[in-house]
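Per-entry structural report
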Amino acid sequence: IVLPSFTNAHTHSFEYAFKGFKHGRDIDSPHPDWFWDIYNKVPEELHRLSAMVHYGECLAAGIGVVIDVLRDDLDGMVARKVAEDVGLKVFTFGGNTGCDGFDLGSELSRNIDHRWYQGRKWAASKPIHMHCLETDYRRRKFRKKYGVSTVEQLDKQHLLERDTVLTHCGAANEEDLEILRGKKVLLVATPKAESYLGERTVRFDLLQKYGISLALGTDGPCYSPYTDMFEEMRFAIASSQRVGTKW
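Predicted model only: the values in this text are computed from it and were never measured. (Residues numbered from 1 in each chain as written. Predicted model: local features only at pLDDT ≥ 70, side-chain atom pairs only at ≥ 80, totals over all residues. Heavy atoms only, no water.)

What follows covers the overall build of the protein chain. Across its full length, the protein chain carries eleven helices and eight strands. Residues classed as buried in the protein chain amount to 52% of the 247 residues present. Surface exposure of the protein chain reaches about 11900 Å², of which carbon and sulfur atoms provide 54%. (Helix = DSSP H or I, 4+ residues; strand = E, 2+ residues; numbered from the N terminus. Buried < 20%, exposed > 50% of the residue type's maximum accessible area, 1.4 Å probe, protein only. Areas by Shrake-Rupley, 256 points an atom, 1.4 Å probe, with all protein chains shown as cover.)

Let's shift gears to helix 6 (residues 136–146). Inspection of helix 6 places Arg-138, Arg-139 and Phe-142 among the buried residues, and these make up the whole buried set. Down the axis of helix 6, the buried set is contained in an arc of 105°. They therefore lie on one face. Turned more than 90 degrees off the buried face of helix 6, the exposed positions are Arg-140 and Lys-144. Following helix 6 by one or two positions, Gly-147 has its phi on the positive side, about 85°. (Arc of directions from axis to C-beta.)

Let us look at the pairing of strand 6 (residues 164–168). With respect to burial, strand 6 is a largely interior element, five of its five residues being buried. In the sheet, strand 6 pairs with strand 7 (residues 185–189) via four bridges, with the strands oriented parallel. Counterpart to Thr-164 in the pairing with strand 7 is Val-185. (Pairing = 2+ DSSP bridges.)

Together, Leu-46, Leu-49 and Met-52 make up an exposed nonpolar region whose accessible area comes to about 230 Å². Within the secondary structure, Met-52 is located in helix 2 (residues 44–60). Relative accessible area serves as the criterion here: at 36%, Met-52 is assigned to the partly exposed category. (Patch = residues over 30% accessible without salt bridge, like charges linked within 9 Å, V, L, I, M, F, W, Y side chains within 5 Å. Salt bridge = Lys/Arg side-chain N within 4 Å of Asp/Glu carboxyl O.)

The next subject is the nonpolar core. Counting 39 residues, the largest nonpolar core has Tyr-55, Leu-166, Leu-177 and Leu-180 as its most contacted members. If sequence neighbours within four positions are ignored, Leu-177 has contacts with Ala-172, Leu-206, Leu-207, Tyr-210 and Ile-212. The next biggest cluster of nonpolar side chains, apart from the first, holds six residues, and it includes Phe-18, Val-42, Cys-222 and Tyr-223. (Core = buried A, V, L, I, M, F, W, Y, C linked by side-chain atoms within 4.5 Å. Contact = heavy atoms within 4.5 Å.)

Each aromatic ring pair is summarised here by two numbers: the centre-to-centre distance and the angle between the ring planes. If you walk through the whole model with that rule in mind, you get two aromatic pairs. Judged by centre distance (5.2 Å) and plane angle (85°), the ring pair of Phe-6 and Phe-230 falls under edge-to-face. With Phe-6 in strand 1 (residues 6–11) and Phe-230 in helix 11 (residues 229–241), this pair connects stretches of sequence that are 224 residues apart. Residue class for Phe-6 comes out partly exposed when judged on its relative accessible area of 25%. (Phe/Tyr/Trp six-rings, centres within 6.5 Å; stacked < 30°, edge-to-face > 60°.)

Let's shift gears to the sheet that holds strand 1. Taken together, three strands build an open sheet; the order of strands is 1-2-3 and the sheet is parallel. Each having just a single partner strand, strand 1 and strand 3 (89–91) make up the two edges of the open sheet. Averaged over neighbouring strand pairs, the angle between their axes works out to 20° when direction is ignored. Alignment of strand 2 (residues 63–68) against strand 3, held across three bridges, turns out to be parallel. Across the sheet, the residue bridging to Val-65 is Lys-89, located in strand 3. Sitting on the sheet, helix 11 is in contact with strand 1 and strand 2, with an inclination near 75° to strand 1. (Axes fitted to C-alpha atoms, helices over the stretch in contact; angles between N-to-C directions.)

Given below as structure tokens:
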């Protein structure tokens, strides 16, 4: 039997062990040291259970394909094995990064010789999956430090030329979207999580104007209590109606 399914284009399965952690917290505030102390010491069994419960919720919600933000180390290996066992198709792009201006996203400008960012050579071989322009604060921080927006930097380093997935982009302006026009880019919005966190959701009318492909994701359990693509669609429609988008 072959059944159609949804694609959850952005989630963090490993966060199920920390479900609700970000509720009421400023998205731009870094995780406290104790969070990473705990995360780095989480046993393999807890990673496995987190992935199993989260992927189980995905399957129950009719989701058959997931783009997951996973590292290449323990949590990534465990989650991929769980996905295989439960029959879920999971994509964990080798070019996963952190947030623009934070974490590994800083490597994009600080050290272009980093093994993940080899300019044309790298872009020709692997896709990139990145949190991008999620908030105005992150946009200002990146531009103040590097003189350009995250999208401009990605374009300068030829990293928009092959199957690039950019998540959020609520702080993207029309200059950024003009750069993305015609590029091999999939932009992912997570309307429900963005609403919970007080963020803007990218304007869908502008994505239509510039011909940019859109997908929806649920984001991680730290940020949203639901794994339901119908809820994401409802929130997407509600957020678009505020600016008069016509479907």
